[in-house]
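# Inside the fold
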Amino acid sequence: AQSVTQPDIHITVSEGASLELRCNYSYGATPYLFWYVQSPGQGLQLLLKYFSGDTLVQGIKGFEAEFKRSQSSFNLRKPSVHWSDAAEYFCAVGEGGNKLTFGTGTQLKVEL
Amino acid sequence: DVKVTQSSRYLVKRTGEKVFLECVQDMDHENMFWYRQDPGLGLRLIYFSYDVKMKEKGDIPEGYSVSREKKERFSLILESASTNQTSMYLCASRRAGARGEKLFFGSGTQLSVL
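An account of the accompanying structure is given in this report. (Residues numbered from 1 in each chain as written. Chains lettered and ligands numbered in written order. Predicted model: local features only at pLDDT ≥ 70, side-chain atom pairs only at ≥ 80, totals over all residues. Heavy atoms only, no water.)

## Brief notes about the interface of chain A and chain B
Each partner contributes residues to the interface: chain A has 24 residues there, and chain B has 23 residues. For the chain A and chain B pair, buried surface summed over both sides reaches about 1800 Å², with 52% attributable to carbon and sulfur atoms. Summed over the shared surface of chain A and chain B, the result is zero salt bridges. Elements that contribute at least two residues to the side of chain A that touches chain B include exactly β5 (32–38), β6 (44–50), β10 (87–94) and β11 (100–102) of chain A. Here the residues of the side of chain A that touches chain B sort into nine nonpolar, 11 polar and four charged. (Contact = heavy atoms within 4.5 Å. Buried area = accessible area lost by both parts, 1.4 Å probe. Salt bridge = Lys/Arg side-chain N within 4 Å of Asp/Glu carboxyl O. Helix = DSSP H or I, 4+ residues; strand = E, 2+ residues; numbered from the N terminus. Nonpolar A, V, L, I, M, F, W, Y, C, P; charged D, E, K, R; others polar.)

Here it is as structure tokens:
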């Protein structure tokens, strides 16, 4: 069965600092991988996704993620964090059919 | 702008009540989903529907049922609410087809069962 692990429950960074959120997955075939963001009081919004091709994918709001098959990882990065990036971030993996499995989320706090 | 609308933002119900959570999407999407979100557990799939009157159980369907009589509307039903169903409920929709299609989420319904 597929699974997603986000090892960091909470992360705090200073505004302007770089960010990396970790995501590891377990899936037998070629995975479809996603990062979603949830701002307070909102539903989830897609940041970026990977399913084939270039292993470095660009998303909205200046985020990027790199797929590393050898490490079963899909880490999210941003070179310079803004206070408005404070939110909860979810990694997800899609299997065949309709099912999408989400990680437990990483809560990002940005210090001014 | 595309929209997934959940009928209530906050809901308070009593144990044993029958509870209906409504979700409407305006994108003509075939697939609709109900997730439950709990701190430390992330999102867990309760049910999804791939077409009108069609449904499949997700990971945690016990205590829930669903109804999809029209394409744009997907209802989650708690037959007899219990305190352990206190949670944030998120509805989502997407086009049918490849599994790379993105989900569009509603803003969620925070349900408290007393």
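## Some details on the pattern of salt bridges
Tallying each qualifying case throughout the model produces 11 salt bridges over all chains. A salt bridge links Glu79 of chain B to Lys18 of chain B; the shortest N-O distance between them is 3.6 Å. You can see Glu79 of chain B sitting in the loop between β8 (73–78) and β9 (87–94) and its partner Lys18 of chain B sitting in the loop between β2 (10–13) and β3 (19–25), a full 61 residues away along the chain. We classify Glu79 of chain B as partly exposed; its relative accessible area is 43%. The class of Lys18 of chain B is partly exposed, set by a relative accessible area of 45%. Linking Lys71 of chain B and Asp28 of chain B is a salt bridge whose minimum nitrogen-to-oxygen distance equals 3.1 Å. In this pair, Lys71 of chain B sits in the loop between β7 (64–70) and β8 while Asp28 of chain B sits in the loop between β3 and β4 (31–38), placing the two residues 43 residues apart along the sequence. Three or more residues are tied together by salt bridges with common partners; here these are Glu64, Glu66 and Arg77 of chain A. (Buried < 20%, exposed > 50% of the residue type's maximum accessible area, 1.4 Å probe, protein only.)

## Some words on the sheet that holds β7 of chain B
All names here are of chain B. Read across the open sheet, the four strands follow the order β1-β3-β8-β7; overall the sheet is antiparallel. Among the strands making up the open sheet, the edge pair consists of β1 (4–6) and β7. Adjacent strand axes in the sheet meet at a mean angle of 20° when their direction is disregarded. Direction of pairing for β7 relative to β8: antiparallel, over a ladder of five bridges. What sits directly across from Tyr64, in β8, is Leu78. (Pairing = 2+ DSSP bridges. Axes fitted to C-alpha atoms, helices over the stretch in contact; angles between N-to-C directions.)

## A short note on the side chain of Ser49 of chain B
Position of Ser49 of chain B among the secondary structure elements: in strand β5 (residues 42–51). Side-chain polar atoms of Ser49 of chain B contact the backbone oxygen of Asp51 of chain B, separated by 2.8 Å. (Polar contact = N/O pair within 3.5 Å; in protein donor to acceptor, adjacent residues only side chain to side chain.)

## Focus: the state of the cysteines
Taken as a whole, this structure holds two disulfides over all chains when the rule is applied. Paired by a disulfide, Cys23 of chain A and Cys91 of chain A hold their sulfur atoms 1.9 Å apart. Linking Cys23 of chain A and Cys91 of chain A, the disulfide has an S-S dihedral of approximately -65° and is accordingly described as left-handed. Here Cys91 of chain A lies in strand β10 and Cys23 of chain A lies in the loop between β3 (19–21) and β4 (24–26), a separation of 68 residues in the sequence. Look at Cys23 of chain A and you get buried, because its relative accessible area is 0%. Across the disulfide from Cys23 of chain B sits Cys91 of chain B; the S-S distance is 1.9 Å. (Disulfide = S-S within 2.5 Å.)

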